[in-house]
Every structure is written in structure tokens, then in C-alpha cells.
Amino acid sequence: MSAEVEIMWTEKYRPRTLDEIVNQEEVVKRLKKFVEEKSMPHCLFAGPPGTGKTTAAMCLAHDLFGENFAQNYMELNASDERGIDVIRTTVKEFARTLALGDVPFKILVLDEADNMTADAQQALRRTMERYTGTCRFILIANYPSKIIEPIQSRCALFRFRPLSEEDIIARIKYICDLEKVKITEEGIKALLYVGGGDLRKIINTLQAAASLGLSLIH
């Protein structure tokens, strides 16, 4: 298999700037304001899986930091790394150091933050308070009610809506055109059914079907 085929399409076709994000107009509009002002609060991105929450955080950071993106942005999956030790070490070390460039803070994203233990959330709350001068936190959650209230109250809430069927179909066709994959209407319906509104899952299924030459793609 060639290196080109091995690239995950979810990454290959992932938006890199806020202008490239599918749907979520209200969210994007607010995030662009942060870029314009080079200022933002801590944020809580909430909504169903595959609606662009983590991608939006990364696009915001790309637009804010430009060439200093890599030094000023960190993303952790809180469900994998939810222990209190990670908050006390990895998160604290990143949050306490000064940002590079003309934006006065870094961005730290905690994906699946609703899976963090109560102890880890309490430690995170203290870290957020202590290092607010050098770091902004973006917490990403499918179920924001599982985030403790003291953290919720410190964050601006952004609600991500499920993507419309039209937006998902347009994205499927866009990727198929670029990958020179022919897909039937039945194939598109099958992807919509399997994906249940999760664009990431749909793109992964499309790539798997294309690589195996399954019958939904001709």
C-alpha cells in the first residue's frame, strides 16, 4: 500500500483554518472575533461526536498563532490521560510557560473532558485559575453536564449542532472527487446510515470501503 493511501482521509481533508469549517456558522463567527482581537476566554465546546469541535479548536489556534502554532498549541485526550498526575505535570508544564509570538497566551485543548475524574477536574480548575495569564483552555465534551460547575462557570460555552445531511453529502462528494472514487447514490445513503451524523466516522468508513473496493463504491 502506498504512503498516499495510508494517510487518514479525516486528517488529509481536515480544515486548517476557520474559513474551511463545514457548517457551525455561529460558532465560527464568534471564534473569528477571538482571532481579530487576539484575546479569548477559556472555552467549553459541546456537541455530538464528529461535528467539528476538536477541528474548530485547532483551526482557531492555526489562525491565531500562524507559524508559532506548534509551540503554542497542545491537544490531550482526557479520556486516555485523565489522571490527576497528567494535570499536575503535562498540563501545568505547558500552561505555565510563556507563549511565542504576539499572542499573549497558549491554547491547551482537553478532548473528551467529560470523561475526566472528579479529582482531575478539581486539579484542572486550580490550574486554570493559576495560569490564566499564560494559557487558555478549550474543553471538549459530548456531555457538558459532566463537567463540574466551577469549570463550566469559567468557560464560554459553544454548542456545536449536528451537521445537516446536505453538508455531509457535499463533503462525501468533495472527497470522492479528489480521490477519484466513484460512489453510487445507494453508497451515499449507506454511509449516512452507518455514520449517524458523525462526519469523522463517515469519512473513515468511506476510506475503508474505497481501499477494500466494497460494493457501495463502483
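Use the structure listed above.
Since the model is a prediction, treat every value here as computed from it, not as a measurement.

Asks: Can you walk me through the overall build of the chain in this structure?
Replies: Scanning the chain from N- to C-terminus turns up 11 helices and 5 strands. Against the compact-globule benchmark of 17 Å for 218 residues, the chain has a radius of gyration of 19 Å, which places it among compact chains. Dimensions along the principal axes, computed over C-alpha positions, put the chain at roughly 55 × 35 × 35 Å. Relative to its 218 residues, the chain shows a buried fraction of 46%.

Asks: How should the packing of helix α9 (residues 165-179) against helix α11 (residues 199-212) be read in this particular structure?
Replies: Contact geometry of α9 with α11 gives a least axis separation of 11 Å together with a crossing angle of 35°. In the crossing of α9 with α11, the sense of the turn from one axis to the other is right-handed. Contacts from Ile168, Arg171, Ile172, Ile175 and Cys176 in α9 reach Leu199, Ile202, Ile203 and Leu206 in α11. Along the lines of polarity and charge, the residues of the contact of α9 with α11 split into 8 nonpolar, no polar and 1 charged.

Asks: Is there a simple way to think about the pattern of salt bridges in this case?
Replies: Where charged atoms from two side chains of opposite charge approach closely, those side chains can pair. What the rule picks out here adds up to 9 salt bridges. The salt bridge partner of Glu179 is Lys12, with a shortest N-O separation of 2.7 Å. Within this pair, whereas Glu179 is found in helix α9, its partner Lys12 is found in helix α2 (residues 9-12), the two being separated by 167 residues in sequence. Assessed through its relative accessible area of 30%, Lys12 is described here as partly exposed. Residues Lys32 and Asp19 are paired through a salt bridge, measuring 2.4 Å at the closest nitrogen-oxygen approach. Remark: Asp19 occurs in the loop between α2 and α3 (25-37) and Lys32 occurs in helix α3; sequence separation between them is 13 residues. Three or more residues are tied together by salt bridges with common partners; here these are Arg125, Glu129 and Arg154.

Asks: What should I look at first to understand the layout of surface pockets in this one?
Replies: A probe as big as a water molecule, rolled over the atoms, marks out the empty space that is left. Its volume calculated, the largest pocket comes out at about 590 Å³. Taken together, 27 residues make up the lining of the largest pocket; nearest its centre are Gly50, Thr51, Gly52, Thr55 and Arg200. When contributions to the lining of the largest pocket are tallied by element, the ones reaching two or more residues are α2, α4 (53-65), β2 (73-77), β4 (135-141) and α11. Here the lining of the largest pocket is built from residues that sort into 10 nonpolar, 8 polar and 9 charged.

Asks: Would you mind going over the nonpolar core with me for this structure?
Replies: For soluble globular proteins, nonpolar side chains are generally found buried alongside one another. In this structure, Phe45, Ile107 and Ile138 are the most contacted members of the largest nonpolar core, which totals 29 residues. Elements represented by at least two residues in this core include exactly α3, β1 (42-46), α4, β3 (106-111), β4 and β5 (155-159). Not counting residues within four places of it along the chain, the set of residues in contact with Ile107 comprises Met40, Leu60, Ala61, Leu64, Phe65, Asn72, Tyr73, Met74, Phe94, Arg136 and Ile138. Among the nonpolar cores identified, the runner-up in size contains 25 residues, and Leu76, Leu110, Leu139 and Cys155 belong to it.

Analysis parameters
Residues numbered from 1 in each chain as written. Predicted model: local features only at pLDDT ≥ 70, side-chain atom pairs only at ≥ 80, totals over all residues. Heavy atoms only, no water. Helix = DSSP H or I, 4+ residues; strand = E, 2+ residues; numbered from the N terminus. Rg over C-alpha atoms; globule rule 2.2 N^0.38 Å. Buried < 20%, exposed > 50% of the residue type's maximum accessible area, 1.4 Å probe, protein only. Axes fitted to C-alpha atoms, helices over the stretch in contact; angles between N-to-C directions. Left-handed = near helix turned anticlockwise from the far one by under 90°. Contact = heavy atoms within 4.5 Å. Nonpolar A, V, L, I, M, F, W, Y, C, P; charged D, E, K, R; others polar. Salt bridge = Lys/Arg side-chain N within 4 Å of Asp/Glu carboxyl O. 1 Å grid on protein atoms, 1.4 Å probe; cavity = no way out; pocket = protein on both sides within 12 Å on 5 of 7 lines; lining within 4 Å. Points joined across faces, edges and corners; volume = space filled by probe spheres on them. Core = buried A, V, L, I, M, F, W, Y, C linked by side-chain atoms within 4.5 Å.

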